[in-house]
Amino acid sequence: MSTEVKHFLITPEDGIREFTAEQAAMVAAGTRPLPELADRMVRYLQITLDDSEIGEIKVQTSGAFVAFDADGRVTEAHPPKDAESITGFEHDAVVQWSLRDVPAVAPTFH
C-alpha cells in the first residue's frame, strides 16, 4: 500500500516518454539535459497513484507545458493554456499506461 508518482513528457512527435522520479528530478533541476528537446516546448503529465485504501486505487493527474533551451535544459514550466492542453486521448493513454502493472480482476456477474 503506497503512493507512487509517475512522470511523462508528450513529445513534439506525439510520443509519450516516461521518466523515473529520479530522472524527472534531474531534468527539472537542469542536471540532466534532453538535447533531443532543445529549443522545444512539450507537455508534461504527472500521475499519482494511491492504493492506500484496500480494494481502491485513486488516480490524480496534473499537467504542465515545459520549455527547453538550446542545450535541452528546462527553462520554464507553466499550466497548459488552451493551445497547449493535453488531449483527452493523451491523458487517458498515460493513465492506462500507468496502471499497466495493476492486476486486472475478472468482472463479477450476478
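Just so it is clear, the structure is predicted and the values come from calculations on it, not from any experiment.

Novice: What is the right way to read the pattern of salt bridges from this model?
Specialist: Side-chain pairs of opposite charge can arise where the charged atoms are in close proximity. For the structure shown, the criterion picks out 7 salt bridges. Taking the shortest distance from any N to any O, the salt bridge between Glu18 and Arg100 comes out at 3.4 Å. Note that Glu18 is positioned in strand β2 (residues 16-19) and Arg100 in the segment after α2 (88-98), a separation of 82 residues in sequence. Judged by its relative accessible area of 31%, Glu18 falls in the partly exposed class. Residue Arg43 is joined to Glu90 by a salt bridge in which the shortest nitrogen-to-oxygen separation is 2.6 Å. With Arg43 in strand β3 (residues 41-50) and Glu90 in helix α2, this pair connects stretches of sequence that are 47 residues apart. As far as burial versus exposure is concerned, Arg43 and Glu90 are alike and both buried.

Novice: What is the right way to look at unusual backbone geometry in this model?
Specialist: Negative phi values dominate among residues other than glycine, just as trans dominates among peptide bonds. For Asp14, which is not glycine, the phi torsion reads 65° and is therefore positive. Tracing the chain through its elements places Asp14 in the loop between β1 (3-10) and β2. The phi torsion at Asp39 lies on the positive side, around 55°, for a residue other than glycine. In this structure, Asp39 sits in the loop between α1 (21-29) and β3. The exposure class of Asp39 is exposed, given its relative accessible area of 61%.

Novice: Would you take a moment to explain the pairing of β2 for this structure?
Specialist: Regular strands show a simple pattern: their side chains alternate between the two faces of the sheet. Looking at chain direction, β1 and β2 are connected through 4 bridges and run antiparallel. Across the sheet, residue His7 finds its bridge partner in β2, namely Phe19. Two successive antiparallel strands, β1 and β2, enclose a turn made up of 5 residues, where Asp14 displays a positive phi of approximately 65°.

Novice: Even after reading the chapter, I still don't get a nonpolar patch on the surface, so can you show me in this structure?
Specialist: A cluster of nonpolar side chains, namely Ile57, Val59 and Val102, defines an oily patch on the protein surface of about 210 Å² accessible area. With respect to the helices and strands, Ile57 occurs in the loop between β3 and β4 (58-68).

Novice: Any chance you could explain the sheet that holds β2 here in plain terms?
Specialist: Think of a sheet as strands paired side by side through backbone hydrogen bonds, with each pair either parallel or antiparallel. Pairing in this open sheet of 5 strands is antiparallel, and the strands run β2-β1-β3-β4-β5 from one edge to the other. With one partner strand each, in any of the chains shown, β2 and β5 (74-78) form the two edges of the open sheet. Taking each pair of neighbouring strands and ignoring which way they run, the sheet shows an average axis angle of 30°. On the sheet, α2 packs against β1, β2, β3 and β4 and is oriented at approximately 45° with respect to β3.

Novice: What's the story with α2 in this structure? I'm lost.
Specialist: Two residues of an α-helix separated by three or four positions point the same way, owing to the 3.6 residues in each turn. Of the residues making up α2, those classed as buried are Glu90, Val94, Val95 and Ser98. One face of α2 carries all of its buried residues, which in axial projection span an arc of 130°. Away from its buried face by more than 90 degrees, α2 exposes Phe89 and Gln96.

Rules and cut-offs
Residues numbered from 1 in each chain as written. Predicted model: local features only at pLDDT ≥ 70, side-chain atom pairs only at ≥ 80, totals over all residues. Heavy atoms only, no water. Salt bridge = Lys/Arg side-chain N within 4 Å of Asp/Glu carboxyl O. Helix = DSSP H or I, 4+ residues; strand = E, 2+ residues; numbered from the N terminus. Buried < 20%, exposed > 50% of the residue type's maximum accessible area, 1.4 Å probe, protein only. Pairing = 2+ DSSP bridges. Patch = residues over 30% accessible without salt bridge, like charges linked within 9 Å, V, L, I, M, F, W, Y side chains within 5 Å. Areas by Shrake-Rupley, 256 points an atom, 1.4 Å probe, with all protein chains shown as cover. Axes fitted to C-alpha atoms, helices over the stretch in contact; angles between N-to-C directions. Contact = heavy atoms within 4.5 Å. Arc of directions from axis to C-beta.

As far as function goes, none of this settles anything; it's purely spatial.
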